[in-house]
Amino acid sequence: MQVPVYNSVGEVVKNIEISDTVFAVPFNEAVVHQALVRQRADARQGTHDTKTRGEVAGSRKKLYSQKHTGEARAGDRRSPTRVHGGVAFGPHPRDYTKDMPKKMRRLALKCVLSSKVSEGQFKILDKFTFEVPKTREMVKVLDSLKLESSALIVTSAPEENVIKSARNIPGLKTLPASTLNVLDLLSYRALVMTEDAVRKVEQLWGEGQKQEAQQ
């Protein structure tokens, strides 16, 4: 697949070939949904906890006699039915992580990348040329690419000047190619990748990755 490469002022400098095995994969809604649910679940800490009646402070003595008081039968003051008592059926620490085969995780990522291309929300930039962090320069680059909505910027490796130039702009996030994920791709409408980042993604999840695994 041939796609244009833009420079920082929005001009097409050349066209490059990108891998169809990464950027032209039919969308599989079920796999993408499963990957999204898994990633959101894995992000949960699972440290929530409530005290049962055996853990709260308070006397275990029966409040009053079982009969002849005119009151309903009651046990100790730590009962869940009383103020400051324990919590019945409350949450306790647990592990929310979900398993998903590696091939399905990779397929989900390639499906979302392909959807960005097919929807026209994918732009390739030749490179960022920030000598120092400048939010104003990043805004100029985004305007030149005609990006009016939220965007995810992906570089081949972490670039400090790019990160600092983008961090104060609402609706903008930067990522290195190796940490690209389904949640971030779905959370931002546009996807901007440098040419080196595209090659890195193809190396990680394209045919090149399969050839390395076979060697």
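Preceding block: the structure.
By convention here, each chain's residues receive numbers from 1 onward along its written sequence. Where totals are concerned, whole chains, interfaces and linings use all residues; where local detail is concerned, this predicted model gives features only for residues with pLDDT of at least 70, and gives and counts side-chain atom pairs only at 80 or more. Hydrogens and water are ignored here; the side-chain numbers use all heavy atoms of the structure.

Colleague: Explain the sheet that holds strand β6 (residues 190-194) to me, please; I cannot follow it from the model alone.
Modeller: Picture the strands of a sheet paired through backbone hydrogen bonds; they go either parallel or antiparallel. Spatial strand order, β2-β1-β3-β6-β4-β5: 6 strands in an open sheet with mixed pairing. In the strand order of this sheet, the two ends are held by β2 (12-17) and β5 (172-176), each with one partner. Within this sheet the neighbouring strands show an average axis-to-axis angle of 30°, counted without direction. By the bridge criterion, 5 bridges tie strand β4 (residues 151-155) to β5 in an arrangement that is parallel. Within β5, the position partnered with Val 154 by the bridge is Leu 175. Any two strands are treated as partners once DSSP identifies two or more bridges connecting them. Labels follow the DSSP assignment, with helices taken as runs of H or I lasting at least four residues and strands as runs of E lasting at least two, numbered in each case from the N terminus. Angles here are taken between N-to-C directions and fall from 0 to 180 degrees, while the axes themselves are lines fitted to C-alpha atoms, restricted in helices to the stretch in contact.

Colleague: Sorry if this is basic, but what is going on with the packing of aromatic side chains here?
Modeller: Aromatic ring pairs are described here by two measures, namely the spacing of the ring centres and the angle between the planes. Stacked, edge-to-face and tilted labels apply to pairs of Phe, Tyr and Trp rings (six-membered ring for Trp) whose centres lie within 6.5 Å, assigned for plane angles under 30 degrees, over 60, and everything in between, in that order. Within the structure shown, the criterion is met by 2 aromatic pairs. Charge over a ring is defined by NZ of Lys or CZ of Arg lying within 6 Å of the ring centre and within 35 degrees of the ring normal. Sitting above the plane of the Tyr 96 ring, Arg 44 keeps its charged end 3.7 Å from the centroid.

Colleague: What is the right way to look at the nonpolar core in this model?
Modeller: One recurring pattern in soluble globular proteins is that nonpolar side chains are buried together. Remark: nonpolar core denotes a set of buried residues (Ala, Val, Leu, Ile, Met, Phe, Trp, Tyr, Cys) joined through side-chain atoms within 4.5 Å. Partly exposed describes any residue whose relative accessible area lies between the buried limit of under 20% and the exposed limit of over 50%, with all areas from a 1.4 Å probe on protein chains only and scaled to the type maximum. One finds Phe 23, Leu 113, Phe 122, Leu 180 and Val 201 to be the most contacted residues of the largest nonpolar core, which totals 33 residues. Sorting elements by how many residues they give to this core places helix α3 (residues 102-118) first, with 6 residues. A contact between two residues is defined here by any heavy atoms of the two lying within 4.5 Å. Other than its neighbours up to four places away in sequence, Leu 180 contacts Leu 109, Leu 113, Leu 152, Val 154, Leu 175, Leu 185, Val 201 and Trp 205. Counting residues in each nonpolar core, the second largest holds 17 residues, with Met 138, Ala 151, Val 162 and Ala 190 among its members.

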